[in-house]
Each structure stands twice: as C-alpha cells, then as structure tokens.
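Listed below, chain by chain, are the residues.
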Amino acid sequence: MSEALVATQAPEAIASGASGARQFWRRLRTRRAALVAAAVVALLVLVALAAPLLTAIEGQDPTTYHPSLIDSARGGVPIGSFGGIGADHWLGVEPQTGRDLFARLVYGARVSLGVALAATVIQVLLGLVIGVAAALGSGWVDQLLSRFTDIFVAMPLMVMSLALLAIVPQSFPRPVLVTLVIGFIAWGNIAKIVRAQTLTLKGLDYVAAARLSGWGTWRIARRELLPGLAAPVITYASILIPVNISTEAALSFLGVGVKPPTPSWGQMLTAADVWYQAAPQYLLLPAGALFVTVLALTVLGDGVRIALDPRAASRLSVGTGRKREARATGSTRSGGAAGSDTSAGSTGSVTSAGSVTSTASAASAEEGSA
C-alpha cells in the first residue's frame, strides 16, 4: 500500500470515522438509562474537581477538628439533630473528631474516582501493549506472553494488594500506591481480550494488503489494528472503572488503603462501622455515594457496550432475551410451516405427475397388447 494510496483513502477514513461516531451517539441517545447514568457520572466528576471551591463556599475543610461540636459525655456523638447539620456544616460532622462531613465526602470523591480512573488507564495501556505484542509476535513470544498473562489473571487481586500495601513504607503516598497496585496487577483480562481481537483482525484482507505492501509490524498495529480494537477496549474500560472504585473502597475499608487524614469513601466506611446507630448519616453518606457511583458507571458501561455493538443484548434489560427468543421461535415456526406447505405442494405435484405418467404408460401397454 503506497503512501499515495494512503493519502487518497485518508479523507474516506476520516469520513467513515466521523460517521461511526455519529452512529455511536445516535444509538447511545436512544438508551435513556445510559444518558441518566452519564449525567450522574458527569455530576460526580464535576463535584470531585470542584471540591476546593465547594468547601470554600461552605467555609470548611476536610481535616480541621471541631471538638466543640461533639458531646464527649456521650462518647463523641455530634451535638444537634441529624448529626449536627446546619448552615455551617451542610451534612453534619464526624463523631469523635467533629470534621465536616460534606468536605470529607467531596474530597473523598476525588480520591476514589481519581484512583479508579488512573488504575484503569494503567490496565488499558498494559493490556493493549502485551495483548498486541502476543498476537503479532512469533510463536514463542505469544506463548511466553500468554503464560505471563495467565499468571496475572489467576492472581488474587485482594490478597496481593493486601500483601504489597502492608509492606510498603507509610511515607509513600497511599493514593498513588493503591493506583499502582491495582493497575499493575489487574490487567490480565484486558490483555487476553486484546490478543483475541487482534488475532481476528490480523486475518482480514486490509491487514494482509498492508503487510504485502511492506509495512512494518508496529506500523500495521498503529494504523490498521488499533482502530479495530477501540470498541472492545472502551467497553471493557467502562466496566473496569466501577470495579476499581469498589476495590479501592474495599482496601481502604480493610485498613491498608488510603490513610487518615486523607479522606476516601472506603476509609470513611471503616471509621463509621461502629457509629451506624448513634450517627447513621456517617455510614449512609459514603455508602450511598459508592452505591450511586458504581451503579451509574455500570449502567453507562452497558449503554456504551450496546452502542458500540448493537447486536449485543443488554445485560440490564429485564425480559429482553425472552422476547427476542420468542420472536425468533415464532418466526422459525412460521417459516417451518410455510416450508412444510411448500413441500406438501411439491409432493402433490410430483404425485399428480407420477399418476399421469403411470396412466399414460398403462394406456400404451393396452394399445400394444391389442
């Protein structure tokens, strides 16, 4: 494939890419649940980015103690109704410390979302590089990288994370450490998906034409294979983000993740597990934020998957598979009935023709005997 031919086909490729993007957005707009989930995710990201501004408007910060707002005689329960909610503290204060809950919640969103997104980027990059290298490499390279990937797929993420986070010095920034641990351990599945998809794309005609024209392996990967890998990679990345948020929260809840005074939703749940009766909002607020975030990202990921591959069935649509199966069964039955009618008609025609032939043969025999 010459450079002149590539230059000639470039506008067509750009137009095709633009058309594909328009089709993707058109399909995504038809899924209302995905649009609502996208709006929720956008709002959460906006709140996380604007955390310093929001806390400045409230006049609080996530680390300042307010001992005058807690009742020491009752074990540190916040003074006032609903955990001390008021004009100065929009969501109340923490038990025992008196730190502002709203400030810690919005700053916790920065940590939870930031760790999940950064870990997902690391996983996608590692999975792309190793998966493409395994598919395009020689036999022994493919075997070596595939076995290396299988090790990380079989590796228990939580056990390895607990071990690594426990031995690293406390001076190392915990959010960065959690991001690196999740990103460098849980990339195996996306590498296997990329390898399988690359092997499929490698056998297509346009990739073979590029290889015959003298293009190098990595140029073919960059110019021909990566566009075809975009849909499965984006789909799996949208699924990884809520999984990583839950993993970060679980590690912080177990006490090996983000450490105080840095706020994190999982770390807030760790400190709130003994206060669910005296101060229930201390537990419900981070738990509710985690639930809404994971649910919104899951629904959005499902919508992105369907928009990229319209033939795939939604995992969140109740009864969709049964209705589609019933329609397919009905059409099969009607087609079978029509086929039987046609066969019956054909058999009748053959029978009639056979009877006519046999009658003519009998008449000829009678004439011959006469």
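Residues numbered from 1 in each chain as written. Predicted model: local features only at pLDDT ≥ 70, side-chain atom pairs only at ≥ 80, totals over all residues. Heavy atoms only, no water.

Some points on helix 10 (residues 217-253)
Here helix 10 is 37 residues long, yet its end C-alpha atoms lie only 46 Å apart, well below the 54 Å a rise of 1.5 Å per residue gives. By the largest-angle criterion, leucine 225 marks the main kink of helix 10, which is about 50°, and a proline, proline 227, follows within four residues. Directly after helix 10, the chain includes glycine 255, whose backbone phi takes a positive value near 90°. (Helix = DSSP H or I, 4+ residues; strand = E, 2+ residues; numbered from the N terminus. Expected span 1.5 Å × (residues − 1). Bend = angle between axes of the 7 residues up to and from the residue.)

Notes on the confidence of the model for the chain
Per-residue confidence for the chain gives a mean pLDDT of 79; residues scoring 70 or more make up 78%. Across the chain, helix 2 (residues 32-49) holds the top mean pLDDT of 94, while helix 13 (residues 320-369) sits lowest at 44. Here residues 1-16 is a poorly scored stretch, pLDDT under 50, and it has nine contacts once near neighbours within four places are set aside; other chains count. Confidence drops under pLDDT 50 across residues 336-370; counting only partners more than four residues distant or on other chains, this segment forms zero contacts. (pLDDT = per-residue confidence, 0-100. Contact = heavy atoms within 4.5 Å.)

Concerning the pattern of salt bridges
Under the counting rule described, the total for this entry stands at seven salt bridges. Here aspartate 302 ties to arginine 31 by a salt bridge, and the two come within 3.9 Å at their closest N and O atoms. With aspartate 302 in helix 12 (residues 280-308) and arginine 31 in the loop between helix 1 (3-29) and helix 2, this pair connects stretches of sequence that are 271 residues apart. Aspartate 302 sits in the buried class, given a relative accessible area of 2%. Through salt bridges with shared partners, a single ionic network connects Arg31, Asp302 and Arg305. (Salt bridge = Lys/Arg side-chain N within 4 Å of Asp/Glu carboxyl O. Buried < 20%, exposed > 50% of the residue type's maximum accessible area, 1.4 Å probe, protein only.)

Things to note about a nonpolar patch on the surface
There is a patch of nonpolar side chains on the surface, built from Phe172, Val176, Leu180 and Phe184 and spanning about 330 Å² of accessible area. By the element assignment, valine 176 lies in helix 7 (residues 174-185). (Patch = residues over 30% accessible without salt bridge, like charges linked within 9 Å, V, L, I, M, F, W, Y side chains within 5 Å. Areas by Shrake-Rupley, 256 points an atom, 1.4 Å probe, with all protein chains shown as cover.)

Observations regarding the packing of helix 4 (residues 101-136) against helix 10
Between helix 4 and helix 10, the shortest axis-to-axis distance is 8 Å and the interhelical angle comes to 145°. The element helix 4 and its partner helix 10 pack so that their crossing is right-handed. A class-by-class count of the residues in the contact of helix 4 with helix 10 yields 21 nonpolar, five polar and one charged. (Axes fitted to C-alpha atoms, helices over the stretch in contact; angles between N-to-C directions. Left-handed = near helix turned anticlockwise from the far one by under 90°. Nonpolar A, V, L, I, M, F, W, Y, C, P; charged D, E, K, R; others polar.)

Here's the deal with the environment of tyrosine 236
When you line up the elements, tyrosine 236 lands in helix 10. Residue class for tyrosine 236 comes out buried when judged on its relative accessible area of 19%. Between the C-alpha atoms of tyrosine 236 and isoleucine 193, which are 43 residues apart in sequence, the distance is 8.9 Å. Apart from residues no more than four positions distant in its own chain, tyrosine 236 is found in contact with Asn189, Ile190 and Ile193.

Section: a positive patch on the surface
Residues Arg22, Arg26, Arg27 and Arg29 make up a contiguous surface patch of positive charge. Tracing the sequence through the fold places arginine 29 in helix 1. The exposure class assigned to arginine 29 is exposed, which follows from its relative accessible area of 52%. (Lys, Arg positive; Asp, Glu negative; His and termini not counted. Charge placed at Lys NZ, Arg CZ, Asp CG, Glu CD.)

Brief notes about the side chain of glutamine 267
With respect to the helices and strands, glutamine 267 occurs in helix 11 (residues 265-272). By relative accessible area, which is 7% here, glutamine 267 ends up buried. Non-local contacts of glutamine 267, meaning those with residues more than four positions away in its chain, are made with Arg104, Ser252, Val258, Pro260 and Thr262.

Things to note about the packing of helix 6 (residues 157-167) against helix 7
In contact at an axis separation of 10 Å, helix 6 and helix 7 are set at 140° when each is read in the N-to-C sense. Comparing the axis directions of helix 6 and helix 7 gives the class oblique. Remark: the crossing between helix 6 and helix 7 carries right-handed chirality. In this structure, helix 6 uses Leu157, Met160, Ser161, Leu164 and Leu165 to contact helix 7, whose residues at the interface are Arg174, Leu177, Val178, Val181 and Ile185. (Parallel < 35°, antiparallel > 145°, perpendicular 65-115°, else oblique.)

A look at unusual backbone geometry
Note the cis peptide between proline 260 and proline 261, where omega equals 5°. With respect to the helices and strands, the residue proline 261 is situated in the loop between helix 10 and helix 11. Positioned with a positive phi, glutamine 96 is a non-glycine residue whose angle comes to about 70°. Inspection of the secondary structure puts glutamine 96 in the loop between strand 2 (77-78) and helix 4.

Description of the side chain of threonine 120
On the secondary structure map, threonine 120 appears in helix 4. Take threonine 120: its relative accessible area is 5%, and that puts it in the buried class. Not counting residues within four places of it along the chain, the set of residues in contact with threonine 120 comprises Ala237, Leu240, Ile241 and Asn244.

Notes on the nonpolar core
Counting residues in hydrophobic clusters, the biggest one holds 31 residues, and the most contacted among them are Ile245, Trp265, Tyr282 and Leu290. Residue assignment for this core shows that the elements contributing at least two residues are helix 1, helix 2, helix 4, helix 10, helix 11 and helix 12. When residues of this core are assigned to their parent elements, the largest contribution, nine residues, is made by helix 12. In this view, isoleucine 245 contacts Ser112, Leu113, Ala116, Leu290, Thr293, Val294 and Leu297; residues no more than four positions away in its chain are not counted. Grouped together as the second largest cluster of nonpolar side chains are 17 residues, Val132, Val194, Ile220 and Tyr236 included. (Core = buried A, V, L, I, M, F, W, Y, C linked by side-chain atoms within 4.5 Å.)

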